[in-house]
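Listed below, chain by chain, are the residues.
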Amino acid sequence: MRDYHRLSVAPMMAYTDRHFRYMMRLFTKRSLLYTEMVVGTTITYNLKSDFLDRVLGFDPIEHPIAIQLGGDDPKILAPAARVCEDYGYDEINLNVGCPSDRVQKGRFGACLMKEPERVAEVVAAMQAEVSIPVTVKHRLGVDDVDRYEDLCRFVEVVRQCGNHIFIVHARKAWLKGLSPAQNRNVPPLRYDLVYQLKRDYPDLGIIINGGIGTMDEVLDHLQHVDGAMIGRAAYHQPEQFARADQLIFGESATEPLGEDTLIEVMNRYTREQVALGTKLSFVAKHLVGLFKNRRNSRRWRQEISKLIQENPVTFDLAQIHRGVFRMEAP
Ligand SMILES: Cc1cc2nc3c(=O)[nH]c(=O)nc-3n(C[C@H](O)[C@H](O)[C@H](O)COP(=O)(O)O)c2cc1C
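Definitions and limits used
Residues numbered from 1 in each chain as written. Predicted model: local features only at pLDDT ≥ 70, side-chain atom pairs only at ≥ 80, totals over all residues. Pairing = 2+ DSSP bridges. Helix = DSSP H or I, 4+ residues; strand = E, 2+ residues; numbered from the N terminus. Axes fitted to C-alpha atoms, helices over the stretch in contact; angles between N-to-C directions. Contact = placed C-beta atoms within 7 Å. Expected span 1.5 Å × (residues − 1). Near = placed C-beta within 6 Å. Nonpolar A, V, L, I, M, F, W, Y, C, P; charged D, E, K, R; others polar. Domains from an automatic or database assignment. Buried ≥ 20, exposed ≤ 12 C-beta atoms within 10 Å, placed from the backbone. Right-handed = clockwise from strand over helix to strand, strands pointing away. Core = buried A, V, L, I, M, F, W, Y, C linked by C-beta atoms within 7 Å. Arc of directions from axis to C-beta. Parallel < 35°, antiparallel > 145°, perpendicular 65-115°, else oblique. Left-handed = near helix turned anticlockwise from the far one by under 90°.

A.B. asks: Can you help me understand the sheet that holds strand 6 (residues 165-169) in this one?
C.D. replies: Pairing between the strands of a sheet comes from backbone hydrogen bonds, and it takes one of two forms, parallel or antiparallel. In spatial order, the strands read 1-2-3-4-5-6-7-8; together these 8 strands close into a barrel with parallel pairing. Across this sheet, the average inter-strand angle for adjacent strands is 30°, counted without regard to direction. As paired strands, strand 3 (residues 65-70) and strand 4 (residues 91-96) are joined by 4 bridges and run parallel to one another. In the strand pairing of strand 4, Ile 67 is matched with Ile 92. In this fold helix 4 (residues 74-87) packs onto strand 3, strand 4 and strand 5 (134-139), with an angle of close to 160° to the strand it touches most, strand 3. Docked against the sheet, helix 9 (residues 191-200) engages strand 6 and strand 7 (205-209), running at close to 170° with respect to strand 7.

A.B. asks: It is not clear to me how helix 6 (residues 116-129) should be interpreted in this structure. Could you clarify?
C.D. replies: One full turn of an α-helix is made of 3.6 residues, so residues set three or four places apart face in the same direction. Its 14 residues give helix 6 an end-to-end C-alpha distance of 20 Å, which sits within 8% of 20 Å, the value for a rise of 1.5 Å per residue. Tucked inside the fold, the buried residues of helix 6 contact helix 4, strand 4, strand 5 and helix 7 (148-159).

A.B. asks: Please explain the site of the ligand as it appears in this structure.
C.D. replies: Among the 22 residues in the neighbourhood of the ligand, the closest are listed as Ala 10, Met 12, Met 37, Gly 231 and Arg 232. Put simply, the parts of the chain that give the shell around the ligand at least two residues each are strand 2 (32-39) and helix 11 (232-236). Here the residues of the shell around the ligand sort into 10 nonpolar, 8 polar and 4 charged.

A.B. asks: Is there a simple way to explain the domain arrangement of the protein in this structure?
C.D. replies: As a measure of interface size, the accessible area lost when the parts come together is often cited. Entries for the protein in the domain assignment read domain 1 (3-247) and domain 2 (259-325). Once you take the C-alpha centre of each, domain 1 and domain 2 turn out to be 30 Å apart. Counting residues at the interface gives 8 residues for domain 1 and 10 residues for domain 2. When residues of the side of domain 1 that touches domain 2 are traced back to their parent elements, those giving at least two are helix 1 (18-27) and helix 11.

A.B. asks: I'm lost on the environment of Leu 52 in this one. Help?
C.D. replies: Topologically, Leu 52 is positioned in helix 3 (residues 50-56). Spatially, the C-alpha atoms of Leu 52 and Glu 239 are 31 Å apart, while their sequence positions differ by 187 residues. Here Leu 52 is in contact with Ile 43, Asn 46 and Leu 47, once residues within four sequence places are set aside.

A.B. asks: What should I look at first to understand the pairing of strand 4 in this one?
C.D. replies: The side chains of a regular strand alternate between the sheet's two faces. Counted residue by residue, strand 4 has 6 buried out of 6 residues, so it is predominantly covered. Here strand 4 shows two buried faces, one formed by Glu 91, Asn 93 and Asn 95 and the other by Ile 92, Leu 94 and Val 96. Handedness of the crossover joining strand 3 and strand 4 through helix 4 is recorded here as right-handed. Relative to strand 5, strand 4 runs parallel, the two sharing 5 bridges.

A.B. asks: Help me out: how do you make sense of the environment of Glu 115 in this one?
C.D. replies: Here Glu 115 shows up in the loop between helix 5 (101-105) and helix 6. Residue classification places Glu 115 among the partly exposed residues on the basis of 18 C-beta atoms within 10 Å. Spatially, the C-alpha atoms of Glu 115 and Asp 72 are 10.0 Å apart, while their sequence positions differ by 43 residues.

A.B. asks: How should I be thinking about the nonpolar core in this particular structure?
C.D. replies: Taken as a class, soluble globular proteins show a tendency for nonpolar side chains to be buried jointly. Formed by 87 residues in total, the largest nonpolar core has its most connected members in Ile 92, Val 119, Val 123, Val 168 and Ile 207. When we break this core down by domain, the ones giving at least three residues each are domain 1 (3-247) and domain 2 (259-325). If sequence neighbours within four positions are ignored, Ile 92 has contacts with Ala 66, Ile 67, Leu 69, Ala 81, Cys 84, Met 126, Val 130, Ile 132 and Val 134.

A.B. asks: Where do I start with helix 13 (residues 259-275) in this structure?
C.D. replies: Helix length check: helix 13 (17 residues) gives 24 Å between terminal C-alpha atoms against 24 Å at 1.5 Å per residue, within 8%. Burial in helix 13 covers these residues: Leu 262, Ile 263, Met 266 and Thr 270. Looking straight down helix 13, one finds that the buried residues subtend no more than 85° of arc, so they occupy a single side. Relative to its buried face, helix 13 has exposed residues pointing more than 90 degrees away, namely Asp 260, Thr 261, Arg 268, Glu 272 and Ala 275. In the stretch just after helix 13, Gly 277 is the one whose phi turns positive, near 105°.

A.B. asks: Sorry, what's going on with the pairing of strand 5 here?
C.D. replies: Among the 6 residues in strand 5, 6 count as buried, and that is most of the element. The alternating pattern of strand 5 places Val 134, Val 136 and His 138 on one face and Thr 135, Lys 137 and Arg 139 on the opposite face, and all of these are buried.

A.B. asks: Before we go on, may I ask you to explain the packing of helix 1 against helix 13 in this structure?
C.D. replies: For any two helices packed against each other, the geometry is given by the interaxial angle and the distance between the axes. The geometry of helix 1 relative to helix 13 is characterised by a closest axis approach of 11 Å and an angle of 155° between their N-to-C directions. Our classification of the angle between helix 1 and helix 13 gives roughly antiparallel. The interaxial crossing formed by helix 1 with helix 13 has right-handed handedness. Taken together, the residues of helix 13 that come into contact with helix 1 (itself represented by His 19, Tyr 22, Met 23 and Leu 26) are Leu 262, Val 265, Met 266, Tyr 269 and Gln 273.

So, in structure tokens, the structure goes:
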């Protein structure tokens, strides 16, 4: 276990891209950030291309950062893991939790919960290639393979390959009949089973995920497990991570990040990215949800959405911010 495992921001396709991660780093220096899932073949079939730089590149500010890989073939994933280590990632995670049809067609993601031996083989092959940790993110179970004993069997088989860190989305998944979004909401959360797993395997690092909304909830979970991972609540309320370094990692009190500084830094970053050829919307979309609890937050959303739509060559986020919030009542 490393210190950063105490709190992480979950991998989320189309959300946890490098621009979002950059912004998250302004709130928390210590939490582990995850990439979106990258399919192993995307790396192995595109070695040494500019395309790969676009997929794997990240800003040094994003450390500690874990890349999540998807796949089930050790011959693809082992070299992919090596490439990721060379790019400077701190950790590699295997996706054994995604139930989407596309992922199931490739026979990976959550359906691998039914094949722990395969998971062990893949993780062992990756771990043999790299010196950074390889971890697994999985569900409590899938379909009718959903008894606690099945979960224990999964963990026991996978730990044989040397993986000691399990990130458990505390609900099962149904591979047929539920969409990925439903699979994140409909099967009930069973935190008790994740706590039980930690009690039964005290030497393993057990990280809990699913439905965690606040830093206070993280602190509660940390009474039972080694770490907590937050997905949707991190995206929808990133500001709450401003308390993370102090509350979760025990940093001494630091000056809270002011809104003006946040916007100034994001303005500079967005301009730099646009100058490099990044579409303005790719960065600005992550700003739409900021300041939710503030009066005028609706106007902020509208202004940023308008900016995205108009896609101007020059822009000033600080000016928009001042324009929206200076109207606030004293
Ligand atoms: C839009 C979206 C995309 C996601 N993409 C991934 C993914 O690429 N890999 C993965 O393991 N989980 C993915 N997840 C699941 C999250 O990592 C997390 O396990 C799930 O949302 C439960 O945590 P939460 O309740 O804190 O959001 C995604 C979730 C969302 C909402």
